[in-house]
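# Observations on chain architecture
Here is how the chains run, residue by residue.
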Amino acid sequence: MAKIIAITNQKGGVGKTTTSVNLSACVAAEGHRVLVVDADPQGNTSSGLGVRVKPKTSTVYEVMAGAAPLDAALAKTAVGTLFVLPADIRLAGAEIELASMEDREHVLARALCAASDQFDFIFIDCPPSLGLITLNALCAADGVLIPIQCEYYALEGVSALMGTIQKVQKINRRLSIEGVALTMLDARTNLGIQVAQEVRRVFKGKVYNTVIPRNVRLGEAPSHGMPIHLYDPRSLGAQSYQSLAKEFLARA
């Protein structure tokens, strides 16, 4: 049965999608069957893994709406054991439609039941908000992975996220904090190091030892539709995400 991980932080620009793309790809490269659910209407996880969503492409929106079976919507990637349930702007309308649905917070969980035996891990890239789509992801998940950037105001909004997680835990008793990933570290500055220390103080043993640095190649990889370990395997970004994947698997 697949372990489901929601990758979320309602604060934008923290490396959430970069982590979704590259952590999932590196976990798959370790020999595991992995599915990434792109639950962000921007669809950056889909494009970052080379999946081009066309008007007639079935996406997570159609799957959640019951208009397409999960298997029909899965897209292959350059990593053999990694698949994507893609998204595009159509998903933006799901917030409104979900509001009137019965048992609305479990729509995604029911949809993912069909993939439970096909994969070892399912990662859900959540939108940068605490709306109904993120609520669906949290209700479907076994764990939450929180990317936090090593910059000023890093912990801004995290208390709201933790409050939401605590509320969801009353509905989904499986849900726990899987881990906290420190991202965008500029080791040349004292600020980045100080922020990392503060995050470790707040989250204690939940913070991964691996820290993802600011890296030009990490920024370039999505425009080529490739995870970093395929785009530039020698880059510091690739080495960091490979290290994070191994640490994630050791804890999972």
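## Focus: a nonpolar patch on the surface
There is a patch of nonpolar side chains on the surface, built from Tyr152, Tyr153 and Leu191 and spanning about 350 Å² of accessible area. Position of tyrosine 152 among the secondary structure elements: in the loop between strand 6 (143–149) and helix 8 (158–168). On the accessibility criterion, tyrosine 152 (55% relative accessible area) is exposed.

## Focus: the sheet that holds strand 3 (residues 75–76)
Here we have eight strands laid out as an open sheet, ordered 3-4-2-5-1-6-7-8, and mixed in their pairing. In this open sheet, the two strands that pair with only one neighbour each are strand 3 and strand 8 (207–213). Packed on one face of the sheet, helix 8 meets strand 6 and strand 7 (176–185) and runs near 180 degrees to strand 6.

## Some words on the pattern of salt bridges
On inspection of all chains with the given rule, the structure shows 13 salt bridges. For arginine 90, the salt bridge identified is with aspartate 88, shortest N-O distance 2.9 Å. Residue aspartate 88 is classed as buried on the basis of its relative accessible area, which comes to 17%. Arginine 251 serves as the salt-bridge partner of glutamate 247, at 3.4 Å between the closest nitrogen and oxygen.

## Concerning the packing of aromatic side chains
Tallied over the full model, the rule gives five aromatic pairs. For the pair tyrosine 152 and tyrosine 153, a centre-to-centre distance of 4.3 Å together with 45 degrees between the ring planes defines the contact as tilted. Of the aromatic side chains, those joined through ring pairs into one cluster are Phe121, Phe123 and Phe248.

## Observations regarding unusual backbone geometry
At aspartate 103, a residue that is not glycine, the phi angle is positive and equals roughly 50 degrees. Along the chain, aspartate 103 falls in the loop between helix 5 (94–99) and helix 6 (107–112). The backbone phi angle of methionine 184 is positive, close to 60 degrees, even though this residue is not glycine. Within the fold, methionine 184 resides in strand 7.

## Points about the nonpolar core
Formed by 54 residues in total, the largest nonpolar core has its most connected members in Leu35, Val37, Leu85, Leu112, Ile122, Ile124 and Ile146. A total of six residues in this core trace back to one element, the largest contributor, which is helix 7 (residues 132–140). Apart from the residues within four sequence positions on either side, leucine 35 is in contact with Leu74, Phe83, Val84, Leu85, Leu112, Ala115, Phe119, Phe121, Ile122 and Phe123. The next biggest cluster of nonpolar side chains, apart from the first, holds 31 residues, and it includes Ile7, Cys26, Val34 and Phe248.

## Structural notes on the layout of surface pockets
Of the voids in this model, the largest pocket is the one considered here, and its volume is about 320 Å³. Looking at the largest pocket, it is lined by 21 residues, and the ones nearest its centre are Gly15, Thr18, Met184, Leu218 and Gly219. Elements with a contribution of two residues or more to the lining of the largest pocket: helix 1 (16–29), helix 2 (44–48), strand 7, strand 8 and helix 10 (216–220). Among the elements that make up the lining of the largest pocket, the one with the highest residue count is helix 1 (five residues). Looking at the lining of the largest pocket residue by residue, the class counts come to 10 nonpolar, 10 polar and one charged. Put simply, the second largest pocket is a space of about 180 Å³. What lines the second largest pocket is simply Met1, Ala2, Ile4, Ala109, Leu112, Cys113, Ser116, Ile122, Cys139, Ala140, Asp142 and Arg174. Mapped onto the lining of the second largest pocket, the elements with two or more residues apiece are helix 6 and helix 7.

## What about the pairing of strand 2 (residues 34–38)?
Within strand 2, five of the five residues are buried, which leaves the element mostly enclosed by the surrounding structure. As judged from the four bridges shared by strand 2 and strand 4 (residues 82–85), these two strands associate in the parallel manner. Looking at strand 4, one finds that valine 34 is bridged to leucine 82. Summarising the sheet, strand 2 and strand 5 (residues 121–125) pair through five bridges and their orientation is parallel. In the strand pairing of strand 5, leucine 35 is matched with isoleucine 122.

Definitions and limits used
- Residues numbered from 1 in each chain as written.
- Predicted model: local features only at pLDDT ≥ 70, side-chain atom pairs only at ≥ 80, totals over all residues.
- Heavy atoms only, no water.
- Patch = residues over 30% accessible without salt bridge, like charges linked within 9 Å, V, L, I, M, F, W, Y side chains within 5 Å.
- Areas by Shrake-Rupley, 256 points an atom, 1.4 Å probe, with all protein chains shown as cover.
- Salt bridge = Lys/Arg side-chain N within 4 Å of Asp/Glu carboxyl O.
- Helix = DSSP H or I, 4+ residues; strand = E, 2+ residues; numbered from the N terminus.
- Buried < 20%, exposed > 50% of the residue type's maximum accessible area, 1.4 Å probe, protein only.
- Pairing = 2+ DSSP bridges.
- Contact = heavy atoms within 4.5 Å.
- Axes fitted to C-alpha atoms, helices over the stretch in contact; angles between N-to-C directions.
- Phe/Tyr/Trp six-rings, centres within 6.5 Å; stacked < 30°, edge-to-face > 60°.
- Core = buried A, V, L, I, M, F, W, Y, C linked by side-chain atoms within 4.5 Å.
- 1 Å grid on protein atoms, 1.4 Å probe; cavity = no way out; pocket = protein on both sides within 12 Å on 5 of 7 lines; lining within 4 Å.
- Points joined across faces, edges and corners; volume = space filled by probe spheres on them.
- Nonpolar A, V, L, I, M, F, W, Y, C, P; charged D, E, K, R; others polar.

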